[in-house]
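Chains, contacts and geometry: an overview
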Amino acid sequence: MAGRAAAALEDPVEYRLPGLNQVQVNEKVELTFSRVLRACLRPDPDVILVGEMRDTETAEIGLRAALTGHLVLSTLHTNDAPSAVTRLIDLGVPAYLINSTLLGVMAQRLVRTLCPHCKKAVPISEDQKATWRALVAPWKSNEPVQLWEPVGCLDCRMTGYSGRIGIYEILLNSPELRKAVRPNAEIAQLRDLACREGMRPLRISGALKVAQGITSLDEVTKVAPPADEA
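Residues numbered from 1 in each chain as written. Predicted model: local features only at pLDDT ≥ 70, side-chain atom pairs only at ≥ 80, totals over all residues. Heavy atoms only, no water.

What about helix α2 (residues 56-67)?
The periodicity of an α-helix, 3.6 residues per turn, causes residues three or four places apart in sequence to face the same way. Helix length check: α2, at 12 residues, gives a terminal C-alpha distance of 16 Å against a target of 16 Å (1.5 Å per residue), a fit within 8%. Of the positions making up α2, those classed as buried are Thr58, Ala59, Ile61, Gly62, Leu63 and Ala65. Contacts from the buried residues of α2 go to α1 (33-40), β3 (47-50), β4 (71-74), α3 (83-90) and α4 (95-101). Of the residues flanking the start of α2, the one acting as N-cap is Asp55, its side-chain oxygen 3.2 Å from the backbone nitrogen of Glu57. (Helix = DSSP H or I, 4+ residues; strand = E, 2+ residues; numbered from the N terminus. Expected span 1.5 Å × (residues − 1). Buried < 20%, exposed > 50% of the residue type's maximum accessible area, 1.4 Å probe, protein only. Contact = heavy atoms within 4.5 Å. Polar contact = N/O pair within 3.5 Å; in protein donor to acceptor, adjacent residues only side chain to side chain.)

Quick word on the side chain of Thr113
As for its position among the elements, Thr113 is in strand β5 (residues 104-114). Thr113 sits in the buried class, given a relative accessible area of 12%. Excluding residues within four positions of it along the chain, Thr113 makes contact with Gly160, Tyr161, Ser162, Gly163, Arg164, Ile165 and Ile214.

With respect to the packing of α3 against helix α7 (residues 187-196)
Packing of α3 against α7 leaves a shortest axis separation of 9 Å and a crossing angle of 145°. At the point where α3 passes α7, the crossing takes the right-handed sense. Side by side, α3 and α7 meet where Ser83, Val85 and Thr86 of the first sit next to Ile187, Leu190 and Arg191 of the second. (Axes fitted to C-alpha atoms, helices over the stretch in contact; angles between N-to-C directions. Left-handed = near helix turned anticlockwise from the far one by under 90°.)

Details of the pattern of salt bridges
Inspection of the entire model under this criterion finds 13 salt bridges. Note that Arg54 and Asp11 form a salt bridge whose closest N and O atoms lie 3.0 Å from each other. In this pair, Arg54 sits in the loop between β3 and α2 while Asp11 sits in the loop between β1 (6-10) and β2 (20-24), placing the two residues 43 residues apart along the sequence. Exposure remark for Arg54: the relative accessible area of 33% places this residue in the partly exposed category. Here Arg112 and Glu219 are joined by a salt bridge, their closest N and O atoms 3.1 Å apart. Here the residue Arg112 occupies a position in strand β5, and Glu219 occupies one in helix α9 (residues 217-223), the gap between them amounting to 107 residues. Here Arg112 falls in the partly exposed class, since its relative accessible area comes to 26%. Glu219 gets classed as buried once you look at its relative accessible area, which sits at 4%. (Salt bridge = Lys/Arg side-chain N within 4 Å of Asp/Glu carboxyl O.)

Limitation: the analysis is restricted to geometry and does not speak to function.
Structural data, given as structure tokens:
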């Protein structure tokens, strides 16, 4: 990487990457995310990767680092992308700091992919039509005339699935979303506003994979249920 070095705070360090200063967090010797993050700011790296924001101190230091021009990447444990905002608020991060620094959030889930050797196309049933409509609502979508389902063969060890693929949900912070970020922000309001601002929920990303024959309808509804079941 050209210019100043990038720093990564990880727990654990799973892959060694060239050009990246990777630090293994070890809370037993008080080498915590927050403590290492403070140390990483001294050489002024362009990019900082924090494995996870687990506490108020780490989150606030990370966002303040972003406020001074660093690109800070991190993970949070939440159900979807809009929930990252309320999670930061729950951690005690001031709303103004979130508004000033948050560029976007990507949520992801893994779904199993159908085995290409044995998957079978079947006409869509009435029950599946109802599930499909609930999955894509309120978006308009052409209802598929057939779906692909797992069968099972020696290649997939009789499971019907082989490998996994990601489904994604990307929230980009906008002026309207910034107005909604406040200490008592409601997740339902944030989610509705994010969708109106262009965010495509996880279930829509999953529905596209179903329509393409990459995975099954049952697999998507298992990890990203329709809105009325979430």
